[in-house]
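# Reading the structure
Read off the chains here:
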Amino acid sequence: MAVDALAAVPPFVYVLAAALAVPLVSRRVGHALGMVATLAVVAVSALAPAGAYVQVGLFGFETVLFNVDAFARLMGLIFGFIGAAAVLYSYASRADNVQTAYALSYVGTSVGAVFAGDWLTLVFFWELMAVTSTALVWHYGGRAVRAGFRYALLHGVGGSLVLAAIVWYYVDAGSFLFSAAPEGLAAGGEIAAVLAAIGIGVNVGFIGLHAWLPDTYPRPHVAASVFLCVYTTKTGVYAMYRAFPEGHLWIAYMGGAMAVFGASMALLQNDMRRLLSYHIQSQVGYMIAGVGIGTALATAGAFGHVFNHILYKSLLFMTVGVIIFRTGEENLKYVGGLARAMPITAAAFVVAALSIAGFPGFNGFVSKGMVIAAAHKKHIDALWWLLMIGGVGTFLSFIKLGYYAFFHGEYDGSVSDANRGQQVAMVTVAALCVLYGLFPDALFAILPDAADLDYVTYTFDHVAEGLALAAAGAIGFVLLKKPLGKVGRVPDVDAVYNPAVFYGTRALVRGVTDSYAAVDRGVGRLSAAAVRAAGNPEAALRRAGVEPDAPTTDGPAGPSNLSAGIGTSVLILTVVVTIAVAVLVFV
Amino acid sequence: MSDLLPLLVASPILAAVAVLALGYKFERVGWPIAALASLVQVGLAGTVAARVYGSGRTVTYELGGFRPPFGIELVVDGLSAAVAALVAVVALGVLAYARRAGPRSIAFYTQYLLLVAGLSGMSITGDMFNLYVFLEITGLAAYALVASGDSGRAAVGALKYLIIGTVGASLFLLGIGYAFVATGTLNMADLSVRLAEVGYDATLVRASFALVVAGLAVKTALFPLHTWQPEAYASAPDSVSAFISALVSTVSAYAIARVIFSVFTVDFFAAVPAARTAVLTLAGVSIIAGSALAVMQTEVKRMLAYSSVSQFGLVVAGFALANQAGVVGGTVHLVGHGLMKGGLFLAAGALAAVAGARTVDEYDGLAARAPVLSGAFAVLALAMVGVPPAVGFVGKWYIALGAFEARAWPIAVVILASTLLTLAYFARLVERMYFRRPAAGTAPAGAAVADGGSDRPAGLSVGMVAVVVVVAILAVALGSLVAEFEQLMQPTLDTLLQL
């Protein structure tokens, strides 16, 4: 009975309803509502039994609005939980109701996407997610507006590619339902697969398609960044799994490359949130590698990493957010030695940093290790090396971030630590990071197909591997500290394609308007000439070199030198008949 | 009741003889007899058309009781019924107009009735040689009618028409001869079977098609075989211009359609694509050249004559497309053009009578002096351009649709371009009539008549204006009836196109 009631309403409804209500009530009540709604998602995710619910016709197609399986459940649990934590953090960080409403609509559409049971519903929420997240960025105003616009454009393109792949799938499978083809969107053929990979690749930050990430995420309100770092990319990972449930080697390699590229770029950043944004790409690279490898262990590792990453990455954005919130500084160069002033924030940061870097005892170690082990087991050595190098880069850049923010130098002026609400949010999440690190079985309990996995987290090899990475990172930092200090702002691919798109579009618009104007002029001249000729045919004939005859006594004749006499007429007739007979008889 | 068919031909011939016989005794008997005969003709044609459309079947009659294919057969299907009805109606309208406008000689009424007989015969005959006979009757009557204008110009125009028309008719006869040599029959229905048996590859059959179509194209006045036509139309008296422009070319174009669909059949087009291409090319060239030449004219009647060259190109193109939309469009435009062009010639004649305006320049400011006639002329002109909902629009629309469906893109482009050219030469007149002041020194209505010539009696009867106005109303009203007409035509179309 209770289960029926749970399953009757798709969980996104709660969150979207809260999003609508939040602007109408006080800040306190509004944020409380948001937390209740997001926690309701957690409850429904945990309790609703597997199955397809709320089967309705959307746009005349058979769709499933609420589909529960192990993957969707995992996504729902973590999306709901971190949504609640982020709403609390928003409340503590003085986010206004409208921003939180946008954030909740973004959470709601993401929840809708991961609980979709068919591609049409998924892409519907996918596009809405792009819209709501753009609104969330735009709400902050200022430099966030232009970045939000670029973000919207790129996601519009990506969404269209996904939609094209889905149409291809529909033509092939005859249905939008996931259940119609077990091999996912790849069932639509190679073109559909490429379209899907690139379209979803925008969301997960494939190299070359990733520039929106570091461009957008550092710009809005600190609390908005906490939301943003969670949903878009992770929904992308989820969709990538749905599209390629059996994986694909190229996707795996792209994941490995993302891990290295993101970590390297992160290392070169001084803007704190920009550094963290590059790390989203790097960490999502591990997940994409897991999805790409496609074995049960790799897939479980990828989703475990989604879960863990959401915890520590939102925690990182929270801690950095507190620094920005308290100091107003975005750049590492203007902060330092904050550990003394904000010990709780510093402690939370250390937990999060060790988690993301995969230090033994923290949750990142568990899931990252699974992906690396899966690569090792399948003997994809190049990928294994990429993932290891990415790990070193992660250590390096978080040592850098922590060192310069919390330990190196002094901060002039007095700052206080995170306020109570922020502390509650951060400490809760940090505790979970440690908990899932020390007790991996708690994670395995919610991972898909975890019962059959042949993987032990704490073996000598694994721990040694983790420590080696940490050591390599520490040594590397000591060596690179000086040169890194001299690096200014490093250009990314968007330095090329932003101007290219801008000037390309401008050239296109100019080209279209100019050719339109040329056609317009030509037609205008032609019409004027035609009107002149029709209005005064004699003058036109004279210009054309034909002299019309003078009017005769029998009446004004026309241009009678154009009209044939009797003899000529008969000649013409003969010629025409000859040609006609010749054509018909000989052709 | 198919006994009515021979009456369609016999009744006007008998009336013509009656006019001739009684005319020497009683000078004024011509018009009443002709009017009576025309009314009977309308009744006969209307009854036959009602029968054909009502039953959806073809009505036939064996002349003299000889069985086809040896005897001559009269055949009326949906296509010929429409043309026969058009002949009767236009003849009646022209006669009403000619009562005041003239010419009023016994010779005119006799020739007029003979022409009606010839045209009706061409419309309903089912025999190729019989078609030639009626073609000659029509031609001779038409030559004589053109010559009935008293000026030297009319005589020269008629002579030119006579010579070229006769050469064309001879070519047509030659073509029939080839077909006869190939098959040994002259009956159309029988020919269609025998030609297929002989095979469409046969040189005789192909040459026959070329000669027959070329001969009829002369009579239809398709460019470049049109050379007789502008001078004949322009030099003839106004009533005659209207009559022959509305009907003679129309029935010849009908004959082309009849020959294509009932004698050679669409299978011939399928087997010999070059034949279809040749006809379409001729039609397309005619559309453009006719319009361009019309734009160049300064004399209104010559301009209307060249306009016919262009419009018959459209009609023949519609038939040559040989699909449902094309044939419906060709038929609609055939009938619609007959009405509109006849009406335009009558209106031009009436305007000449009221204001002496015969050239484009002289049309300046006519609307103020003859508002009703000018209005009717403008309506007819716009209908001819193809402004919805007039019948001219519907016909062109169907033909263009047929061109698109047949993927005959050049024809489609030509049709659209011709609409612009048609607009060019008619808009010029409408603009002058409504938006210009008359040139200073233009003679007033009464004086203008004096310089026109003796074939133009002074004044304007109510009948003349009424006929023009009725035609203008018809040109607009018939457009909305085309959908029903297509339904009525469907059985005929199924037969002609072998659907």
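Quantities reported herein were computed from a predicted structural model and do not represent experimental measurements.

Quick notes on the rules
Residues numbered from 1 in each chain as written. Chains lettered and ligands numbered in written order. Predicted model: local features only at pLDDT ≥ 70, side-chain atom pairs only at ≥ 80, totals over all residues. Helix = DSSP H or I, 4+ residues; strand = E, 2+ residues; numbered from the N terminus. Buried ≥ 20, exposed ≤ 12 C-beta atoms within 10 Å, placed from the backbone. Contact = placed C-beta atoms within 7 Å. Expected span 1.5 Å × (residues − 1). Pairing = 2+ DSSP bridges. Axes fitted to C-alpha atoms, helices over the stretch in contact; angles between N-to-C directions. Parallel < 35°, antiparallel > 145°, perpendicular 65-115°, else oblique. Core = buried A, V, L, I, M, F, W, Y, C linked by C-beta atoms within 7 Å. pLDDT = per-residue confidence, 0-100. Nonpolar A, V, L, I, M, F, W, Y, C, P; charged D, E, K, R; others polar. Bend = angle between axes of the 7 residues up to and from the residue. Left-handed = near helix turned anticlockwise from the far one by under 90°.

## Details of the overall build of chain B
Within chain B one finds 20 helices and two strands. Going through the 499 residues of chain B one by one, you find that 64% of them count as buried. If you take every contact in chain B between residues at least 6 apart in sequence, the share linking residues at least 24 apart comes to 80%.

## A look at the overall build of chain A
A count of helices and strands for chain A gives 22 helices and two strands. A buried classification covers 53% of the 587 residues belonging to chain A. Considering only residue pairs separated by 6 or more positions, chain A has 79% of its internal contacts joining residues 24 or more positions apart.

## With respect to helix α7 (residues 143-173) of chain A
Residue and element names in this part refer to chain A. For α7, built from 31 residues, the straight-helix expectation of 45 Å at 1.5 Å per residue is met to within 8% by its first-to-last C-alpha distance of 45 Å. Residues Ala144, Ala147, Gly148, Tyr151, Leu154, His155, Gly158, Gly159, Val162, Ala165, Ile166 and Tyr169 constitute the buried set of α7. If you follow the buried residues of α7, they end up packed against α6 (119-138), α8 (190-204) and α9 (212-216). Glycine 174 sits one or two residues past α7 and shows a positive phi near 75°.

## Description of the pairing of strand β2 (residues 61-68) of chain A
All names here are of chain A. Most of β2 sits inside the fold, with six of its eight residues counted as buried. Bridge count for strand β1 (residues 51-58) against β2 is seven bridges, and the pairing is antiparallel. Note on β2: the bridge partner recorded for valine 56 is threonine 63.

## Observations concerning the packing of helix α5 (residues 128-147) of chain B against helix α6 (residues 152-183) of chain B
Residues and elements named next belong to chain B. Two elements in contact, α5 and α6, have axes whose closest approach is 9 Å; the angle formed by their N-to-C orientations is 175°. Overall, the two elements α5 and α6 adopt an arrangement that is roughly antiparallel. The residues of α6 that touch α5, namely those facing Met128, Phe129, Tyr132, Leu135, Glu136, Gly139, Tyr143, Val146 and Ala147, are Ala154, Ala155, Gly157, Ala158, Tyr161, Leu162, Gly165, Ala169, Phe172, Leu173, Ile176 and Ala179.

## What about the nonpolar core?
Counting 220 residues, the largest nonpolar core has B:Leu351, B:Leu380 and B:Ala475 as the members making the most contacts within it. Setting aside its immediate chain neighbours within four residues, B:Leu351 contacts B:Ala357, B:Leu366, B:Ala370, B:Leu373 and B:Phe377. Formed by 194 residues, the second largest nonpolar core is a distinct cluster that contains A:Leu128, A:Phe178, A:Phe359 and A:Leu401.

## Some words on the confidence of the model for chain A
For chain A, the mean per-residue pLDDT works out to 87, and 96% of the residues sit at or above 70. Per-element averaging of pLDDT across chain A places helix α1 (residues 2-8) of chain A at the bottom with 70 and helix α5 (residues 97-114) of chain A at the top with 94.

## So, the interface of chain A and chain B
The interface of chain A with chain B comprises 27 residues on the first partner and 38 residues on the second. For the side of chain A that touches chain B, the elements supplying multiple residues, two or more each, are α20 (494-535), α21 (537-543) and α22 (566-586) of chain A. Residues that form the side of chain A that touches chain B fall into these classes: 20 nonpolar, five polar and two charged.

## A closer look at helix α1 (residues 4-23) of chain B
All names here are of chain B. Helix length check: α1, at 20 residues, gives a terminal C-alpha distance of 27 Å against a target of 28 Å (1.5 Å per residue), a fit within 8%. Along its length, α1 reaches its greatest deviation from straightness, about 30°, at alanine 10, and the proline proline 12 lies no more than four positions downstream. Taken together, the buried positions of α1 are occupied by Leu5, Leu8, Val9, Ser11, Pro12, Ala15, Ala16 and Val19. Against α2 (30-55), β1 (59-62), β2 (73-76), α3 (78-101) and α4 (106-124) lie the buried residues of α1.

## Some details on the environment of B:Tyr109
Residues and elements named next belong to chain B. Tracing the chain through its elements places tyrosine 109 in helix α4. Placed 77 residues apart in sequence, tyrosine 109 and proline 32 show a C-alpha to C-alpha distance of 9.9 Å. Setting aside residues no more than four positions away along its own chain, tyrosine 109 makes contact with Val19, Gly30, Trp31 and Ala34.

## Re the environment of A:Asp271
Residue and element names in this part refer to chain A. Among the structural elements, aspartate 271 can be located in the loop between α11 (249-267) and α12 (272-293). A residue is classified by how many C-beta atoms lie within 10 Å of it, and aspartate 271, with 17 of them, is partly exposed. As for aspartate 271 and glutamate 329, which are separated by 58 residues in sequence, their C-alpha atoms are 9.1 Å apart.

## Digging into the environment of B:Trp228
Relative to the helices and strands, B:Trp228 resides in the loop between α8 (203-220) and α9 (229-235). Considered as a pair, B:Trp228 and B:Gly157 are 71 residues apart in the sequence and their alpha carbons are 7.2 Å apart. The contact partners of B:Trp228, leaving out residues within four places of it in the chain, are A:Ser569, B:Lys160, B:Tyr161, B:Ile164 and B:Gly165.

## Structural notes on unusual backbone geometry
In terms of backbone geometry, most residues other than glycine have negative phi values and most peptide bonds are trans. Residue and element names in this part refer to chain B. The omega torsion of the bond from phenylalanine 223 to proline 224 falls at 5°, within 30 degrees of zero and hence cis. With respect to the helices and strands, proline 224 occurs in the loop between α8 and α9. A cis amide bond links proline 388 to the next residue, proline 389, at an omega of 0°. With respect to the helices and strands, the residue proline 389 is situated in the loop between α15 (371-385) and α16 (391-405). A positive phi angle, near 65°, is found at threonine 265, a position not held by glycine. Mapped onto the elements of the fold, threonine 265 is located in helix α10 (residues 238-271).

## A look at the packing of helix α11 (residues 273-296) of chain B against helix α17 (residues 409-435) of chain B
Residues and elements named next belong to chain B. One can describe the packing of α11 onto α17 by two numbers: an axis separation of 9 Å at closest approach and a directional angle of 20°. In terms of orientation, α11 lies roughly parallel with respect to α17. When the axes of α11 and α17 are compared, the crossing they make is left-handed. Contacts between α11 and α17 involve Leu280, Gly284, Ile287, Ile288, Ser291, Ala292, Ala294 and Val295 from the former and Pro410, Ile411, Val414, Ala417, Ser418, Leu421, Thr422, Ala424 and Tyr425 from the latter. Of the residues contributing to the contact of α11 with α17, the split by class is 13 nonpolar, four polar and no charged.

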